[in-house]
Amino acid sequence: MKNRKPDYIGTDYGFDSVLSSSAIDELPLWSAPFGLALLDAVEYRKKITALDIGFGTGFPLIELAQRLGKSSTVYGIDPWRPSHLRAKYRMKFHGIDNVILIKGAAEEIPLKDKSVDLIVSNNGTNNVQDIDKVFAECSRIAKRGAQFIITVNLDATFKEFYTAFFKVLEKRGMNDEIIKLKKHIRDKRPPLEETKSLFEKNGFRIRKVVKDKFVMKFADAESFFSHSLIKLGFSGNWEKLLPQKSAAAIFRQIGKSLSQTAKERKFTVPFALIDTFKV
Ligand SMILES: C[S@@+](CC[C@H](N)C(=O)[O-])C[C@H]1O[C@@H](n2cnc3c(N)ncnc32)[C@H](O)[C@@H]1O
């Protein structure tokens, strides 16, 4: 798909069901540490064309559009319809007119070859179906010298929880589930070296990699399991790895195990920022 007319662009999705995405913060607390690092790494210039992949409810898309200013155009691509409604509502409310939303997947970006100066993705590229296709598309649309920055959480995310999870599965002799859990972590959060080589394979040279982490603390395991972030983005997948009849008991056992290891439940989220440019 080369130089296809961007037919998604400018479609009016209306504001009627914006409420369906309004329960999710415009900048989820979870995304903020990644996002601040990303916004800091951007080389701000006038009159550029930028793209945000997987903008959720409008982050960093709307912030970036404001910081780049009206002489620049910022496209945002995301297949999730409610995200468009929420972002559109916010853009209209604040009078932001240099953003163009594309409803679709980044595996097929309806922008011209060599037309984009800046591509960003805050915890977005690690959520796509086909990462190889997405990077090939980014390579196609990037101008020579274009900056491409992503942030991703790393494989040791919530390692305190996963250590307890593996321990419980081992105690129960659930070897198949141990294999499934290892594969799940590998698929969701591939090693950083793999992501770095994807950039290089697609003609992007790495300028810098910044590693950081933040910690989420909870009073007990129950508050961790019932937190909105865990319910929205994690626990459904964990449950799918387990036989339905024993899932609840296993989570109770993990909770107990977590309570024994520390008084205060701390869960670490290591992440990386990869800043590159097109050669
Ligand atoms: C973890 S959220 C990140 C949202 C936002 N960037 C933030 O920092 O809060 C991942 C986003 O990627 C979007 N996404 C999933 N698959 C995608 C794809 N193939 N192309 C573009 N975006 C995709 C999801 O709809 C979701 O909005």
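Description of the structure in this document. (Residues numbered from 1 in each chain as written. Predicted model: local features only at pLDDT ≥ 70, side-chain atom pairs only at ≥ 80, totals over all residues.)

### Describing the site of the ligand
Here comes step 1: Looking at the ligand, there are 22 residues lining it, with S31, G54, G56, W80 and A105 nearest.
Here comes step 2: Residue composition of the shell around the ligand, grouped by class: ten nonpolar, ten polar and two charged. (Near = placed C-beta within 6 Å. Nonpolar A, V, L, I, M, F, W, Y, C, P; charged D, E, K, R; others polar.)

### Quick notes on helix α5 (residues 159-171)
Here comes step 1: Relative to the 18 Å expected for 13 residues at 1.5 Å per residue, α5 spans 18 Å between its end C-alpha atoms, a close match to the ideal helical length.
Here comes step 2: Just beyond α5, the residue with positive phi is G173, at close to 65°. (Helix = DSSP H or I, 4+ residues; strand = E, 2+ residues; numbered from the N terminus. Expected span 1.5 Å × (residues − 1).)

### A word on unusual backbone geometry
Here comes step 1: Of note, the bond from F59 into P60 is cis; its omega dihedral lies within 30 degrees of zero at 0°.
Here comes step 2: Mapping P60 onto the fold places it in the loop between β1 (49-53) and α2 (61-68).
Here comes step 3: Even without being a glycine, K47 presents a positive backbone phi close to 55°.
Here comes step 4: Taking the number of C-beta atoms within 10 Å as the measure of exposure, K47 has 11 and is therefore exposed. (Buried ≥ 20, exposed ≤ 12 C-beta atoms within 10 Å, placed from the backbone.)

### A few points about the sheet that holds strand β4 (residues 116-122)
Here comes step 1: Reading across from one edge, β3-β2-β1-β4-β5-β7-β6 is the order of the seven strands in this open sheet, with mixed pairing throughout. Every other strand in the sheet has two partners, leaving β3 (99-103) and β6 (204-218) as the edge strands with one partner each. Each adjacent strand pair in this sheet contributes to an overall mean axis angle of 15°, direction not counted.
Here comes step 2: In this sheet, strand β2 (residues 73-78) lies alongside β1 in parallel orientation, the contact comprising five bridges. (Pairing = 2+ DSSP bridges. Axes fitted to C-alpha atoms, helices over the stretch in contact; angles between N-to-C directions.)

### Section: the packing of α5 against helix α6 (residues 175-188)
Here comes step 1: Two elements in contact, α5 and α6, have axes whose closest approach is 9 Å; the angle formed by their N-to-C orientations is 160°. Classified by the interaxial angle, the pair formed by α5 and α6 is roughly antiparallel. Considering only the axes of α5 and α6, their crossing is left-handed. Contacts between α5 and α6 involve Y162, F165, F166, L169 and E170 on the former and, on the latter, E177, I178, L181 and I185.
Here comes step 2: Across the contact of α5 with α6, the residue classes tally to seven nonpolar, no polar and two charged. (Parallel < 35°, antiparallel > 145°, perpendicular 65-115°, else oblique. Left-handed = near helix turned anticlockwise from the far one by under 90°. Contact = placed C-beta atoms within 7 Å.)

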